[in-house]
Amino acid sequence: MTITRFAPSPTGYIHVGNLRTALMNFLIARKAGGTFILRIDDTDPVRSKEEYVDALKEDLDWLGLHWDRVERQSERLDRYHDAADRLREMGRFYEAFETPTELDLKRKKQLNMGRPPVYDRAALALDDAARDKLRAERGPGVWRFKLDQQRIEWDDGVLGDIIIDAASVSDPVLIRGDGQVLYTLASVVDDTEMGVTHVVRGSDHVTNTATQIQIIEALGGSVPQFAHHSLLTGPQGESLSKRLGTLSLRDLRAQGVEPAALLSLMARLGSADPVELRTDMDALIEGFDISRFGAAPTKFDVADLFPLTAHYLQGLDYATVKPRIAALGVPDDLAPQFWAVTRDNITTLGDLDAWWAMFRDGAEPVIEDEDAEFIAEAMTLLPEGKLDETSWSAWTTAVKEETGRKGKALFMPLRKALTGQAHGPEMAQVLPLLQVIRARG
Ligand code: GLU
């Protein structure tokens, strides 16, 4: 049974980077007919906020990444303390009292001597009396996991064979001085107890994985299959970490990006497979293969989402967009025609608002000085009565004969005078629709 999880910390809105993690775990579970757990990593009571929990659920729902169950770390604290007790009994857990400043100093000294800045385990040498004294002076210490100083190896689903020498890694702090259990321990306990079989996460977690493998083994759990996807960069390869705040899923939604576009891009970006619009989740699930992804940083350009969004929207039939068009206030009897006329000229659904405003209110005509006379003359030649799809051709032929203008010099000033824009739907279609709508006032 395949069990995966997406484990966001609810300390902010989730962004495209998080989406990549969520999506890969989701697709693996769904492809295997397994379970996809949404795990809320909220052991930090200060930074975790309920509004972010609600927001991330809303974002995942919007994308159709439905989870089978929710787990919350804040409700499982006793399990983590149990595990901590077991590590203590095994002699794999020790209390350390160095202040951050002292640790910093140690690191600087090590670096100066050309040594890796690994915690020197000074606390292991303390006897009971020394510990009691430090505890009395400084309060409770942090709890560190005592790594076995061996090579840690795993076959990574993206990175291939990984070998990390545990001697090059500091014994990780699993419980803070104030008693707060840290993610490194909580995650291991959850993955073990929930039977998680596959963990996909960002490559910033590779060192965590090494230490977590030892903690899992110490606690007698079975090590899941790990895969670390590359981190996203901007289009020029620049770091995205500072900009991810502006690439939240809700921002993209507000900009009109469609779920199908976002999912299609993120399920392929960084893999050997081409990005193609997939409008149906089953196709994405079927085509997903994590071994197709490369280890190199993955360039992400938000601009790529818009052509995909346009492509998706332009393929929709009227029935699907009907509620959205109705919400704009387009009368039902004109809505199919309005959609047919405008659909090829939108990038996001939001663009429909602008087109509807143009038809309903009329555009502010754009008339260049040198065209003023031409437009005035053309208007006198507009066919009388009800306009249809042949009217534009009839009109422009008459205007051409009368004024001698042709080609772009003929069509563009007319388009700009009528729609206020240089681009837009076929004028042959615009003209009759404009007439009906304007006639209704
Ligand atoms: N809460 C952790 C994070 O957001 C989860 C990492 C993991 O998947 O283990 O980075």
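Just so we're clear, the structure is a prediction, and the values are computed from it rather than from any experiment.

Draft legend 1. Expanded view of the nonpolar core. By size, the foremost hydrophobic cluster in this structure holds 84 residues, and its most contacted members are Val16, Leu65, Leu262, Met266, Phe300, Phe338 and Phe359. Among the elements that line this core, the one with the most residues is helix α1 (residues 16-31), at 9 residues. Dropping the residues within four chain positions of it, Phe300 is found in contact with Val16, Leu232, Thr233, Gly234, Pro235, Leu240, Leu247, Leu265, Met266, Leu269 and Leu305. Membership of the second largest hydrophobic core comes to 34 residues, among which are Val169, Leu185, Val199 and Phe226.

Draft legend 2. Here's a closer look at the site of the ligand. All residues in the neighbourhood of the ligand are listed as Arg5, Ala7, Ser9, Asp41, Tyr183, Ser187, Arg201 and His205. Contacts to the ligand include Ala7, whose backbone N or O atom sits 2.7 Å from a nitrogen atom. Side-chain polar atom of Arg201 to an oxygen atom of the ligand: 2.6 Å apart, as the coordinates give it. In the complex, 81% of the free accessible area of the ligand, which totals 300 Å², lies under the protein chains. Its residues placed into classes, the shell around the ligand shows 2 nonpolar, 3 polar and 3 charged.

Draft legend 3. Broad picture of the sheet that holds strand β4 (residues 93-96). Across the sheet, 3 strands lie side by side as β4-β5-β8; this open sheet has antiparallel pairing. The open sheet has two free edges, formed respectively by β4 and β8 (173-175), since each of these has just one partner strand. Averaged over all adjacent pairs, the angle separating strand axes in this sheet is 45°, with direction ignored. With 4 bridges joining them, β4 and strand β5 (residues 142-145) adopt antiparallel strand pairing. The partner of Phe93 across the bridge, within β5, is Phe145. Strands in contact with helix α3 (residues 77-89) are β4, β5 and β8; relative to β8, the strand with the most contacts, it is inclined by about 125°.

Draft legend 4. Focus on the packing of aromatic side chains. One pass over the structure, following the stated rule, counts 8 aromatic pairs. Ring centres of Phe338 and Trp356 lie 5.5 Å apart, and the angle between their planes is 85°; this geometry places the pair in the edge-to-face category. Note that Phe338 is positioned in helix α13 (residues 335-342) and Trp356 in helix α14 (residues 350-361), a separation of 18 residues in sequence. A centroid spacing of 6.0 Å and a plane angle of 35° characterise the contact between Trp392 and Phe411, whose relative ring orientation is tilted. Within this pair, whereas Trp392 is found in helix α16 (residues 391-403), its partner Phe411 is found in helix α17 (residues 407-419), the two being separated by 19 residues in sequence. On the basis of relative accessibility, which here comes to 11%, the residue Trp392 falls in the buried class. Here the aromatic cluster, defined as three or more aromatic residues joined through ring pairs, consists of Phe338, Trp356 and Phe359. Above the face of the Trp143 ring, Arg88 is positioned so that its terminal group lies 4.1 Å from the ring centre.

Draft legend 5. Focus on unusual backbone geometry. Positive phi, close to 65°, is recorded for Arg121, a residue that is not glycine. Within the secondary structure, Arg121 is located in the loop between α4 (100-112) and α5 (128-138).

Draft legend 6. Examining the packing of helix α9 (residues 259-266) against helix α11 (residues 305-314) more closely. α11 packs onto α9 with a crossing angle of 125° between their chain directions and a minimal axis gap of 8 Å. Taken together, the axes of α9 and α11 lie oblique to each other. The crossing of α9 and α11 is right-handed. Contacts between α9 and α11 pair Ala260, Ala261, Leu262 and Leu265 from the former with Leu305, Leu308, Thr309 and Tyr312 from the latter. Residues that form the contact of α9 with α11 fall into these classes: 7 nonpolar, 1 polar and no charged.

Draft legend 7. Representation of helix α7 (residues 206-218). The end-to-end C-alpha distance of α7 is 19 Å, a good match for the 18 Å that 13 residues give at a rise of 1.5 Å each. The buried fraction of α7 is high, at 10 of 13 residues. Of the residues making up α7, those classed as buried are Val206, Thr209, Ala210, Thr211, Gln212, Ile213, Gln214, Ile215, Ile216 and Ala218. Two residues or fewer after α7 comes Gly220, characterised by a positive phi angle close to 80°.

Draft legend 8. Looking closely at the pattern of salt bridges. All chains considered together, the criterion is met by 35 salt bridges. With a shortest N-O distance of 3.0 Å, Asp42 and Arg72 are connected by a salt bridge. You can see Asp42 sitting in the loop between β2 (35-40) and α2 (50-63) and its partner Arg72 sitting in strand β3 (residues 69-72), a full 30 residues away along the chain. Like Asp42, the residue Arg72 is buried in the burial classification.

Definitions and cut-offs
Residues numbered from 1 in each chain as written. Predicted model: local features only at pLDDT ≥ 70, side-chain atom pairs only at ≥ 80, totals over all residues. Heavy atoms only, no water. Core = buried A, V, L, I, M, F, W, Y, C linked by side-chain atoms within 4.5 Å. Buried < 20%, exposed > 50% of the residue type's maximum accessible area, 1.4 Å probe, protein only. Helix = DSSP H or I, 4+ residues; strand = E, 2+ residues; numbered from the N terminus. Contact = heavy atoms within 4.5 Å. Near = heavy atom within 4 Å. Polar contact = N/O pair within 3.5 Å; in protein donor to acceptor, adjacent residues only side chain to side chain. Areas by Shrake-Rupley, 256 points an atom, 1.4 Å probe, with all protein chains shown as cover. Nonpolar A, V, L, I, M, F, W, Y, C, P; charged D, E, K, R; others polar. Pairing = 2+ DSSP bridges. Axes fitted to C-alpha atoms, helices over the stretch in contact; angles between N-to-C directions. Phe/Tyr/Trp six-rings, centres within 6.5 Å; stacked < 30°, edge-to-face > 60°. Lys NZ or Arg CZ within 6 Å of the ring centre and 35° of its normal. Parallel < 35°, antiparallel > 145°, perpendicular 65-115°, else oblique. Left-handed = near helix turned anticlockwise from the far one by under 90°. Expected span 1.5 Å × (residues − 1). Salt bridge = Lys/Arg side-chain N within 4 Å of Asp/Glu carboxyl O.

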